[in-house]
Amino acid sequence: MSLKHHRGGGLELSASKSFVSKKWTLFLCIGFFCAGILFSDRMWPEPEANIVSRDTVASDERMRLESEDCDSSKKGLKRESKDILGEVYKSPDAIQTLDKTISNLETELAAARAAQESIVNGSPVSDDFKLPETVTKRKYLMVVGVNTAFSSRKRRDSVRATWMPPGEDRKKLEEEKGIVMRFVIGHSATPGGILDRAIQAEESKHGDFLRLDHVEGYLELSAKTKTYFTTAFALWDADFYVKVDDDVHVNIATLGAELARYRMKPRVYIGCMKSGPVLAQKGVRYHEPEYWKFGEEGNKYFRHATGQLYAISRELASYISINQNVLHKYVNEDVSLGSWFLGLDVEHVDDRRLCCGTTDCEWKAQAGNICVASFDWSCSGICRSADRMKDVHRRCGEGPNALLAASF
């Protein structure tokens, strides 16, 4: 680049200087333009990100507040639920109401199933068996089923003359004490035959039978027991269901007082518990055809109540009713009943007052320790019970006014 002297003594840039400056100016403009674009691309999203961040913070804040409101609502509901449950727990009436509601539903279900089973099998339904109405059923303390046979008319009469109240007294016992008593019998192999007509005539006179949809037979006692509990559970809402043979003496007031002690037990099985030998030899009494299921020869049965008299609570009767089609039947009915409760959370109560002898029941009564049931072990019942029941009742009975004065 050259310099020239100006007349005024100053210096003047040459033309080449002017040209270079324009090129640099252009380059600088382009450079600044590109830098501006680059700067804008990098810096512009930041305000957008800030806006999004503010929106996200606001959204998170709203979610936090809603969550706090939700938590507050949940805590309020929990407190309210605890308050309601607390009131239920504090109110025996509320608990009883719930129990009755569940009881009614279970009863209706069992009745419907039993009726359906009879219809499917083409069998007639018992005259006593009716589907319950959807109203609150009467609550009973116990149902006492007296197992009997077609040939046991004299035994039944001896029971009616001693420990089973007749006619109106029996109905009064149901209404005032909540105790139901019935002779339990099925029908003959030829329904409507002479045996069934004889029972029907006896029923017309006394009105104290529970007829089962069952064919009578000694080897069918397990099936009869199952049908009895199923039918009784469907007909009467009771705390306990009792089975007793018609050659056993029973003090009903003492039995009621004894069972009432276990009212708060949901699953209780009461009787004289035993564990007799499994008899594999054919031809002997109480022969067990399925002896091989119990292990080696000489083994004993599991613990179960002797068959003369036993009682089960409502839940166990319900269990039998619901599972009746799958419960295995052994030839001995007391073994069958005990087997149905194996594997269940059941309390076994061994009460020796339910199996007094006919000789020791008298001195026990005199000592104030009245027996619930009395019989002769040698006869598996009272020997010649039709003739001796009155004598046993006189010596071992609880007294004529015991039922009237009893409170359960």
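Keep in mind that what you see is a predicted model, and the values were worked out from it rather than measured.

Caption draft 1: Structural context of the nonpolar core. With 46 residues, the main nonpolar core has Met142, Trp163 and Ile270 as its most contacted residues. Setting aside residues up to four positions removed in sequence, Met142 forms contacts with Gly178, Ile179, Val180, Ala238, Phe240, Val242, Ile252, Leu255, Gly256 and Leu259. In this structure, Tyr228, Phe233, Met273 and Phe341 belong to the second largest nonpolar core, which totals 27 residues.

Caption draft 2: Geometry of the packing of helix H7 (residues 221–235) against helix H10 (residues 333–340). It is at 8 Å that the axes of H7 and H10 come closest, and there the two elements cross at 55°. Classed by the angle they form, the pair H7 and H10 counts as oblique. Along this stretch, H7 crosses H10, giving a crossing that reads as right-handed. Seen from H7, the contacting residues are Leu221, Ser222, Thr225, Lys226 and Phe229; seen from H10, they are Glu333, Ser336, Leu337 and Trp340.

Caption draft 3: Quick look at the confidence of the model for the chain. Model confidence for the chain is summarised by a mean pLDDT of 81, while 68% of its residues fall at 70 or above. Counting contacts from residues 42–54, a segment whose pLDDT is below 50, to residues more than four positions away or on other chains yields two contacts. The low-confidence segment residues 122–126 (pLDDT under 50) makes five contacts with residues lying over four places distant or belonging to another chain.

Caption draft 4: Up close: helix H8 (residues 252–260). Buried residues dominate H8, accounting for seven of its nine residues. Within the sequence span of H8, burial applies to Ile252, Ala253, Thr254, Leu255, Gly256, Glu258 and Leu259.

Caption draft 5: Structural view of the pairing of strand E8 (residues 268–274). A large share of E8 lies buried, amounting to six of its seven residues. Both E8 and strand E9 (residues 304–313) contribute to a ladder of five bridges, which runs antiparallel. Bridging from a neighbouring strand, Gly271 pairs with Tyr310 of E9.

Caption draft 6: The arrangement of the pattern of salt bridges in detail. Scanning the entire structure with this criterion turns up 31 salt bridges. Where Lys243 meets Asp245, a salt bridge forms, and the shortest distance between an N and an O atom there is 2.8 Å. An identical accessibility class is assigned to Lys243 and Asp245; each is buried. Residues Glu290 and Lys293 are paired through a salt bridge, measuring 2.6 Å at the closest nitrogen-oxygen approach. Given a relative accessible area of 18%, Glu290 falls into the buried group. Connected via shared salt-bridge partners are Arg153, Arg156, Asp157, Arg160, Glu202 and Asp208.

Caption draft 7: Representation of the side chain of His304. Along the chain, His304 falls in strand E9. A residue is classified by how much of its surface remains accessible, and His304, at 1% relative accessible area, is buried. A polar contact is formed between the side chain of His304 and the backbone oxygen of Phe302, at a distance of 2.9 Å.

Caption draft 8: The arrangement of the packing of aromatic side chains in detail. Scanning all chains against the criterion turns up ten aromatic pairs. Ring plane angle 70° and centroid distance 5.1 Å describe the contact between Tyr269 and Phe341, whose orientation is recorded as edge-to-face. A residue pair is termed long-range when its members are at least 10 positions apart, and Tyr269 in strand E8 and Phe341 in the loop between H10 and strand E10 (347–350) qualify at 72 residues. Across this residue pair, the class does not change: Tyr269 and Phe341 are buried. Taken together, the ring pairs in this structure connect Phe294, Tyr301, Phe302 and Tyr330 into an aromatic cluster. Just above the ring of Tyr140 sits the side chain of Arg138; from NZ or CZ to the centre is 5.0 Å.

Caption draft 9: Expanded view of unusual backbone geometry. Of note in this structure, Ser380 is not a glycine but carries a positive phi near 55°. With respect to the element layout, Ser380 can be found in the loop between strand E11 (373–374) and helix H12 (385–396). Of note, the phi angle at Arg384 is positive, near 50°, even though the residue is not glycine. Checked against the element boundaries, Arg384 lands in the loop between E11 and H12.

Caption draft 10: Structural context of the state of the cysteines. Taken as a whole and assessed by the stated rule, the structure comprises four disulfides. With its sulfur 2.1 Å from that of its partner, Cys356 forms a disulfide with Cys371. A torsion of -90° about the S-S bond marks the disulfide between Cys356 and Cys371 as left-handed. Of the two residues, Cys356 is situated in the loop between E10 and helix H11 (360–366) and Cys371 in the loop between H11 and E11; the sequence distance between them amounts to 15 residues. Under the relative-accessibility criterion, Cys356 is labelled buried at 2%. Here Cys361 is linked by a disulfide to Cys396, with a sulfur-sulfur distance of 1.8 Å.

Cut-offs used in this document
Residues numbered from 1 in each chain as written. Predicted model: local features only at pLDDT ≥ 70, side-chain atom pairs only at ≥ 80, totals over all residues. Heavy atoms only, no water. Core = buried A, V, L, I, M, F, W, Y, C linked by side-chain atoms within 4.5 Å. Buried < 20%, exposed > 50% of the residue type's maximum accessible area, 1.4 Å probe, protein only. Contact = heavy atoms within 4.5 Å. Axes fitted to C-alpha atoms, helices over the stretch in contact; angles between N-to-C directions. Helix = DSSP H or I, 4+ residues; strand = E, 2+ residues; numbered from the N terminus. Parallel < 35°, antiparallel > 145°, perpendicular 65-115°, else oblique. Left-handed = near helix turned anticlockwise from the far one by under 90°. pLDDT = per-residue confidence, 0-100. Pairing = 2+ DSSP bridges. Salt bridge = Lys/Arg side-chain N within 4 Å of Asp/Glu carboxyl O. Polar contact = N/O pair within 3.5 Å; in protein donor to acceptor, adjacent residues only side chain to side chain. Phe/Tyr/Trp six-rings, centres within 6.5 Å; stacked < 30°, edge-to-face > 60°. Lys NZ or Arg CZ within 6 Å of the ring centre and 35° of its normal. Disulfide = S-S within 2.5 Å.

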